[in-house]
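Examining the three-dimensional arrangement
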Amino acid sequence: MTELDPIERLLPATLRAALARRELIVRRPVAGARHGVHRSPRPGVGRDFRDFRAYAPGDDPRRLDWRAAARSQRLVVRQTESEDELDLALVIDGSGGMSYGEGVEQKWRRAGTVAAALTSLALRQGDRVGFAIARAGGLALEALEPVARRDRLRLLGLGLADEPSGDCDWSALLDALGPSLRRRTLVVAISDFLDPGGSSAGEEGAAREHDEALIRGLTSLRSAGHDVALIQILHRDELEFPWDRPRVIELEDPRGRRASVEGPGGSLRADYLDKLNAHLRWLEQSCERGGLLLARLLSDREPAPQLLDLLARLAGQPGDAVMREGGP
Amino acid sequence: MSLLAPLALLGLLGLSLPLIAHLLGRERPQTIRFAGVRFVRPREPVVTQRRELRDWPLLLLRLLMLAAFVLVLARPVINSEAAVAVLAEPHDTVILLDASGSMDLRVDGKAEHERANERLDSLLDAIPPGSRVGLVIADPRAPEVELTPIAEGGPRIRAAVDAWERGEKLPPRAGAWTMAEALPRAATLLSEAQELPRAIYAISDPTERGLGSLPELADGAITVIPVSTRGAPGQPPPTPPEHVGIRELSWEPALELDPKAVRITALIHRYGGDQDEDLEVGAALEIDGEEVARTRVKLRPDGDAAAEFSHTLASTGAGVRARVSLLDRDDDPLPIDDRRHLWIAAHETIEVLVINGDPSVTRANDEIFFLSTALRHSELADSLSVRGLALDQLEDRLRGTQNPLAKVDVLVLANVRALPPELAPLIVERVAAGMGLWISVGDRVSATDYNARFAPLLPLLLREAVYAGTAPGRTEARSEGVAPAQLSHPIFAGTLRGSSEAGELDLGATRTRRMFLLEPDPRRGADIAVAFTSGAPALITRAHGQGRVALLTTTIDRDWGDLPLRPGFVPLATRTIAWLAGAQNPSSRDAVGIGVAKQLGRSATYSVTTPAGASVPVTPKREGEPAVFEATDLPGHYSASANASGDEQASAAGLERFVVEFDPREADTTPVAIRGVALDGETGTVTIYEPRWRELALVVLLLLGIESGARLWLRRRRTG
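Residues numbered from 1 in each chain as written. Chains lettered and ligands numbered in written order. Predicted model: local features only at pLDDT ≥ 70, side-chain atom pairs only at ≥ 80, totals over all residues. Heavy atoms only, no water.

A look at the side chain of Arg548 of chain B
Filter applied, for reference: Starting at the N terminus, helices and strands are each numbered in turn, a helix being any DSSP run of H or I of at least four residues and a strand any DSSP run of E of at least two. Pairs of N or O atoms within 3.5 Å make up the polar contacts considered here, provided that, within protein, one atom can donate a hydrogen while the other can accept it, and that residues adjacent in sequence are counted only when both atoms are side-chain atoms.
If you trace the backbone, Arg548 of chain B turns up in strand β27 (residues 547-552). Here Trp579 of chain B takes part through its backbone oxygen, which lies 2.7 Å from a polar atom of the side chain of Arg548 of chain B.

Next comes the structure, spelled out in structure tokens:
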């Protein structure tokens, strides 16, 4: 059996067809070094009218708006939106928690699809892309520097080919990310955000501190002028906890941090759902406060509609504060 | 200790099953690598460690319970010291099982009849194949099993004994037959078996009426093999536990207290006991179900004590139910003899019939004048009905009337010549049935005739009438005085020396010129109430059957002395009449043993009321024969009413009362040595086992209760 091409595995033909005429547009202006397709905070060469101003010696005479000058009896220069390039930085959680699911429903697979789709769109429109994967307690930062090379997609595919395992060190990841962002960047963090860090003792208070540290880190990127989007990928089982029978189940932490928990599924479900929902609500509220976009995707849904919705959300189209699908 | 079914111990291997099941058979949990472990908290303290043995105390308890159960199945027994000789070759045998009251004796917490059942089981298991076995229980109403091959006979015998003990058809009762009485029945079952050796295994207790009553051979040829419930043949018998019982219960009128007063005496016996210690026992008297008196007595080991009660009946005439019970004897090993019953009926009047042997128109010379006068003025005058007859009138009455003396309580023969030989037995018979008889002598009394016709009645045989001073040893005095009365005699019961009553009895001034001498004979059991100063009896008494006889060896008039003129004559005469009248009323003291048939008085249909309140009809089996009541199963009061017609008088006349009592001889549990038996032919010995699996079964039940409680406690502790 021939091994599927990693890009083909992440972006099947149907998905590529769905994204063929789409663009990755970010709602907030971006400042890119090169001419791109995103709104720039500075006026420059572009297609879209921005404003008129009085002619100043040295302006390009080709930019004189004779019609406006006739009206105003003065020489007026037409200003247009500058279309600068976008830096896209993907930080991907490669911990064992992303391994849940089978086949196309695997969370890791969906994370890869989202990352590959955004990368493909960005590269097609001349944006620069960089990515980092945190896995097994380590960081893969080789491709973190955003570049507009087309091999970025292949590198991404190769990076996502290995299965997730171990733990994701968010703190080290964000520390590595910050210095690599020389200008406004769309930072996309892809994870399940269920347990970004915590003690092996499982104390909820300590785990919450790690949650907040992550949000603070991402918010600080936002404060530094970057756009931050959190793509939360969950499996339906994590939302619904389908083990409601009296049979005893043993839940292992795929990140290897927490002790296994045994118990009859039926007696664990209600408490789990209460705590999960509380955490999800906290995440939503924290993202809203920090101006972070939070998109929640279920791994068993079709990826194309999810990605189209995500693109629309990124482009600033009105919708729910949190884009969610079939969530609680 | 040994095990009858040791292979059952293999079940102990099964004890490992709970452990194996616990360690290996635990439900393997489904393992899920789940990113949301952070949000999972077990509600129950589920073990999150791997494969740990929890609740080990409960597991240990359950293993112990299972082990005890396995041991019960292995049938542990303790070898008894009893080893019974059993014919090891095929033979014909009948098992004779004791059903007497002594089998209720509890030794070491187990009744003798329970031990007998265990012996029965061991015997049935030991009788070799090819044998035939039958069963006789020493109760004529119990089921019998004829000779049957052992394979089939064993279960039939066990079923028959179980059915009899449960009283499925008829209740078991104590003492229906003694072992000696039942032995011929067992021999009869073997009478036609001649091919194989024959034996009778007699299972009973080592007492005189149990195994001690059996011969070595039955029918002259069948070996009787004793199987004792306790002890081993040829060895000293084990000492039974001490127990106390009422041996006898009697009553008599206490006319000296009140015309309606009765005196009830219970003879209590202590069987066995520590030689150094007296035992104090209480007894209570109940009249018609209500306790009216209590008393306490002290008993020496193997000794008797009489508990006396005096009670004044509320009414006379109708029978009164009396019962005496021992108190605070719940732990008595043989409780069946701790109570006895009586029917009591106070006399409305005492019918005294005085036969005047020497009538005279001159009252002072009349033989019975002084006696009649004394009785008329006595304190019993209202209770006495005194009538006089001449001798010929008595003879006519005896000849012409059926039961001529049925209503007479006391017959006085005052200087009467001896009755004809054909009539004297009627007097003897009536006294034996409870009538009192007072004989006073005189000129008309012939020692020869009286000795010939009234010998069974006389306290001592008459010798000759002598004059005072001519008695051996006395040559000078012309009259005899009377010594102080023997206050210990029952005639003077209740009279204390030095009391006014004793003073009233003073006959010291009496002078008697002539008296009858008597033949000394200690075997007759006579009792002197009053003696002459020479020591010769003046008033001497004796019991005969249910009745009493008093003999005055001088005249009751002034012929031979001045006794009637003394003030002491009135109380003497009154007390003597009262004592004679106090002979037990056969209709109220009629007692039969448990299981013994009671013959009723008439050939009529009766309705018998039992102590349980049931009414049992009884019809004579053949016309002309008296009815016989056989359902004497329960100790207590019975009354039989004949011909329940509308005529109250006829019904009252047909009402017979009797009690059914436990035979006191059964209470004697004094052990006797049981002989060993030498058997012809191939013999073996079967060891009698004392089973212990019942005790273990109780342990299992106890552990089950503890396990349930522990499980409940642990569950509550977990759920908080």
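On we go from here.
Quick look at the sheet that holds strand β13 (residues 261-271) of chain B
All names here are of chain B. Quick reminder of the rule: By the convention used here, strands pair only if DSSP detects at least 2 bridges between them. Orientation is described by lines fitted to C-alpha atoms, with helices fitted over the stretch in contact, and by angles between N-to-C directions that extend from 0 to 180 degrees.
One open sheet accounts for three strands, arranged β12-β13-β16; its pairing is antiparallel. Each edge of the open sheet is held by one strand with a lone partner, namely β12 (243-253) and β16 (304-312). Strand-to-strand, the axes of this sheet are offset by a mean angle of 20°, without reference to chain direction. The sheet contact formed by β12 and β13 spans ten bridges and is antiparallel. Note on β13: the bridge partner recorded for His243 is Tyr271.

Comments concerning empty space enclosed by the protein
All names here are of chain B. For clarity, the cut-off: With a 1 Å grid spanning the protein atoms alone, the term cavity applies to any set of points in which a 1.4 Å probe fits but cannot get out, the term pocket to an open set with protein on both sides within 12 Å along at least five of seven lines, and the term lining residue to any residue with an atom within 4 Å of a point. Grid points are joined across faces, edges and corners, and a volume is the space filled by probe spheres set on the points. Residue polarity is assigned by list, with Asp, Glu, Lys and Arg as charged and Ala, Val, Leu, Ile, Met, Phe, Trp, Tyr, Cys and Pro as nonpolar; anything else, Gly included, falls into the polar class.
Enumeration over the complete set of coordinates arrives at three cavities of 30 Å³ or more. Empty space within the largest cavity amounts to approximately 140 Å³. Considering the residues around the largest cavity, the lining is formed by 16 residues, among which Glu256, Pro490, Ile491, Ala578 and Trp579 are closest to the centre. Those elements that place two or more of their residues in the lining of the largest cavity are β12 and α11 (569-581). Grouping the amino acids of the lining of the largest cavity by side-chain chemistry returns eight nonpolar, two polar and six charged. The volume enclosed by the second largest cavity comes to roughly 50 Å³. Split by residue class, the lining of the second largest cavity holds eight nonpolar, three polar and no charged.

Quick word on the nonpolar core
Side chains of nonpolar character tend, in soluble globular proteins, to be buried together. Residue and element names in this part refer to chain B. Heads up, the rule is: For the purposes of this section, nonpolar cores are sets of buried Ala, Val, Leu, Ile, Met, Phe, Trp, Tyr and Cys residues that join through side-chain atoms within 4.5 Å. Residue exposure (1.4 Å probe, protein chains only): buried if accessible area is under 20% of the type maximum, exposed if over 50%, otherwise partly exposed.
Counting residues in hydrophobic clusters, the biggest one holds 46 residues, and the most contacted among them are Leu96, Leu135, Ile200 and Tyr201. It is helix α5 (residues 179-189) that contributes the most residues to this core, six residues altogether. Grouped together as the second largest cluster of nonpolar side chains are 45 residues, Ile350, Leu371, Phe492 and Ala573 included.

A closer look at the packing of aromatic side chains
Residues and elements named next belong to chain B. Counted only if it meets this: Classification of ring pairs uses Phe, Tyr and Trp, with its six-membered ring standing for Trp, and accepts pairs whose centres are within 6.5 Å; under 30 degrees between planes counts as stacked, over 60 as edge-to-face, and the remaining range as tilted.
Scanning the model with the defined rule gives 14 aromatic pairs over all chains in all. Their ring planes at 10° and their centres at 5.3 Å tell us that Tyr638 and Phe658 sit as a pair that is stacked. Of the two residues, Tyr638 sits in strand β33 (residues 636-642) while Phe658 sits in strand β34 (residues 655-661), which places them 20 residues apart along the sequence. Taken individually, Tyr638 and Phe658 each receive the classification buried, so the pair is uniform in this respect.

Some remarks on the interface of chain B and chain A
To be explicit about the condition: Note on definitions: a residue-residue contact is assigned when non-hydrogen atoms from the two residues lie within 4.5 Å. As used here, buried area is the combined drop in accessible area, with a 1.4 Å probe, of two parts when they are placed together. Any carboxyl oxygen of Asp or Glu that lies within 4 Å of a side-chain nitrogen of Lys or Arg is treated as forming a salt bridge with it.
At the junction of the two partners, chain B supplies 24 residues and chain A supplies 39 residues. Counting the surface chain B buries against chain A, the share from its top three residues, Phe34, Arg38 and Phe39 of chain B, is 28%. Inspection of the chain B/chain A interface yields two salt bridges. A salt bridge links Arg33 of chain B to Glu252 of chain A, with the shortest nitrogen-to-oxygen separation between them at 4.0 Å.

A word on α11 of chain B
This is how it is decided: Residue count minus one, scaled by 1.5 Å, sets the expected span of a helix.
In a regular helix each residue adds 1.5 Å, so 13 residues correspond to 18 Å; α11 of chain B covers 18 Å between its end C-alpha atoms and thus fits that length. Where burial is concerned, most of α11 of chain B is hidden: twelve out of the 13 residues are buried.

Examining helix α9 (residues 447-454) of chain B
Residues and elements named next belong to chain B. Definition in use: Here, the arc refers to the directions that run from the helix axis to the C-beta atoms.
What α9 keeps buried is the set Ala447, Tyr450, Asn451 and Phe454. Down the axis, α9 shows its buried residues gathered within 105° of arc, on one side only. Residues Thr448 and Ala452 are exposed on α9 and point more than 90 degrees away from its buried face. Packing partners of the buried residues in α9 comprise β21 (410-414), α8 (424-432), β22 (436-440), β23 (462-467) and β24 (514-518).

Describing the packing of helix α4 (residues 107-124) of chain A against helix α10 (residues 303-314) of chain A
Residues and elements named next belong to chain A. We apply this condition: Put simply, angles under 35 degrees are roughly parallel, angles over 145 are roughly antiparallel, angles from 65 to 115 are roughly perpendicular, and the rest are oblique. Crossing chirality is assigned from the near helix's rotation relative to the far helix, an anticlockwise turn below a right angle marking it left-handed and a clockwise turn marking it right-handed.
Direction vectors running N to C along α4 and α10 enclose 50°, while the axes themselves pass 11 Å from each other. By the angle class used here, α4 and α10 are oblique. With respect to the hand of their crossing, α4 and α10 are arranged in right-handed fashion. Between α4 and α10, the residues in contact are Arg110, Thr113, Val114, Ala117, Leu118 and Leu121 and Pro303, Gln306, Leu307, Leu310, Leu311 and Leu314, respectively. Looking at the contact of α4 with α10 residue by residue, the classes come out as nine nonpolar, two polar and one charged.

Some words on the pattern of salt bridges
Here the structure, examined in full by the defined rule, presents 46 salt bridges over all chains. Here Glu286 of chain B and Arg323 of chain B are joined by a salt bridge, their closest N and O atoms 3.4 Å apart. Of this pair, Glu286 of chain B sits in strand β14 (residues 279-287) while Arg323 of chain B sits in strand β17 (residues 320-327); the two residues are 37 residues apart in sequence, bridging distant segments of the chain. We classify Glu286 of chain B as buried; its relative accessible area is 17%. Through salt bridges with shared partners, a single ionic network connects Lys107, Asp192, Glu238 and Arg255 of chain A.

Some details on the confidence of the model for chain A
Residue and element names in this part refer to chain A. Cut-off, in case you're wondering: Scored between 0 and 100, pLDDT is the confidence that the predictor attaches to each residue.
Of the residues in chain A, 83% have a pLDDT of 70 or more, and the chain-wide mean is 83. Ranking the elements of chain A by mean pLDDT puts strand β12 (residues 322-324) last with 49 and strand β8 (residues 227-234) first with 95. Confidence drops under a pLDDT of 50 for residues 29-33, and excluding neighbours within four residues, the segment shows 25 contacts in the predicted structure.

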